[in-house]
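Observations on chain architecture
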Amino acid sequence: MKYKLLFLVLLVAITTQLLSWGGLGHEIITRLAIDGLPDEMSFIKENSKYLCDHSVDADKRKNDDLTEEHKHYIDIDYYKEFNVGEMIIDKAALIEIYGQEIVDDMGILPWNTIEVLNNLTIAMRQNNKDDILFYAVDIAHYVGDAHQPQHLILNYNGKLTDQRGIHGRYEIDLINSNLEELQANISPIELTYVKEPLQLVFDYCTQSNSFAGLIELADFHALKYSGDEYNEKYFHIFWFRTKYMTFHQFSNAVEDLASLYYTAWINAGKPKIK
Ligand SMILES: [Zn+2]
């Protein structure tokens, strides 16, 4: 019995480690985005629980589908154009300069988000309920990932700055132990129709990237004052230094996801899906 329990605890620990935003962060973003949609989008609203429950399906697919992982990030600071404020957002143009392999390796999160948005729009237009749920789940996940700053950098797990494990310390340990405070600080959203979705996606990716340095500094700072250990004091300081940015990122993720759902629905001709 004891061993069974130990196995279960280990399994939960391993599973949790694989899920971005600790899993629960994705649920929060999805639920609040759906809450912000107009009543006419009743099909999405009625399936809120299903969509929240499946908001980390895309992470779980990574083991079976080798093409999946690249859809969850973009190491956008690899590109010199980005680093001088002149990012090329057209994928074909970027491939022309860097080649297909590098563009794939650096992550395809923005373009994949647009592909899912287009598929969601088609599914809504065709009244295809299974596809609507599938793509609505996926877009929620990819929008959530894009608002986690460490999904937008080359130094995603601290290997360039000797901060190994920083990714999990931030997006899993810190988020899961501060969920209540986090939820209480997510701002109300303003729903907008997105005229240029790819530009919106690159805008929020750029914003996320700009907060990555703050997380790295907070990690150094917390370690300095915690006796060089990842103890309770460390996590207290780490949260103290990153929580306002985290509130901001979650609020933006909710608003951007709701606006993309809304945009798909408008572009599909505002269908009444029963
Ligand atoms: Zn992910």
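Look a little higher up for the structure.
Residues numbered from 1 in each chain as written. Predicted model: local features only at pLDDT ≥ 70, side-chain atom pairs only at ≥ 80, totals over all residues. Heavy atoms only, no water.

So, the coordination of the zinc ion
Donor atoms from the polypeptide that bind the zinc ion are Asp-59 (OD), His-72 (ND1), His-141 (NE2) and Asp-145 (OD), placed at 2.1 to 2.3 Å. For the zinc ion, the four donor atoms in the first shell make angles of 87 to 174° at the metal, so the coordination geometry reads as irregular. Judged by relative accessible area, which is 2%, His-72 ranks as buried. (Donors = N, O, S within 2.8 Å, 3.2 Å for Na, K, Ca; no water. Tetrahedral: all angles 85-135°; square planar, octahedral: opposite > 155°, others 65-115°. Buried < 20%, exposed > 50% of the residue type's maximum accessible area, 1.4 Å probe, protein only.)

Focus on the packing of helix H2 (residues 24-35) against helix H10 (residues 129-146)
Viewed as axis vectors pointing N to C, H2 and H10 meet at an angle of 115°, and their least axial separation amounts to 9 Å. Taken as axis vectors, H2 and H10 run roughly perpendicular relative to one another. The handedness of the crossing between H2 and H10 comes out as right-handed. Together, His-26, Ile-29 and Thr-30 of H2 and Ala-140, His-141, Gly-144 and Asp-145 of H10 make up the contact between the two elements. A breakdown of the residues in the contact of H2 with H10 according to their chemical character gives two nonpolar, four polar and one charged. (Axes fitted to C-alpha atoms, helices over the stretch in contact; angles between N-to-C directions. Helix = DSSP H or I, 4+ residues; strand = E, 2+ residues; numbered from the N terminus. Parallel < 35°, antiparallel > 145°, perpendicular 65-115°, else oblique. Left-handed = near helix turned anticlockwise from the far one by under 90°. Contact = heavy atoms within 4.5 Å. Nonpolar A, V, L, I, M, F, W, Y, C, P; charged D, E, K, R; others polar.)

Overview of the side chain of Ser-48
Topologically, Ser-48 is positioned in helix H4 (residues 48-53). Given the relative accessible area of 14%, Ser-48 is considered buried. Ser-48 has contacts with Arg-31 and Ile-34, leaving out every residue within four places of it along the chain.

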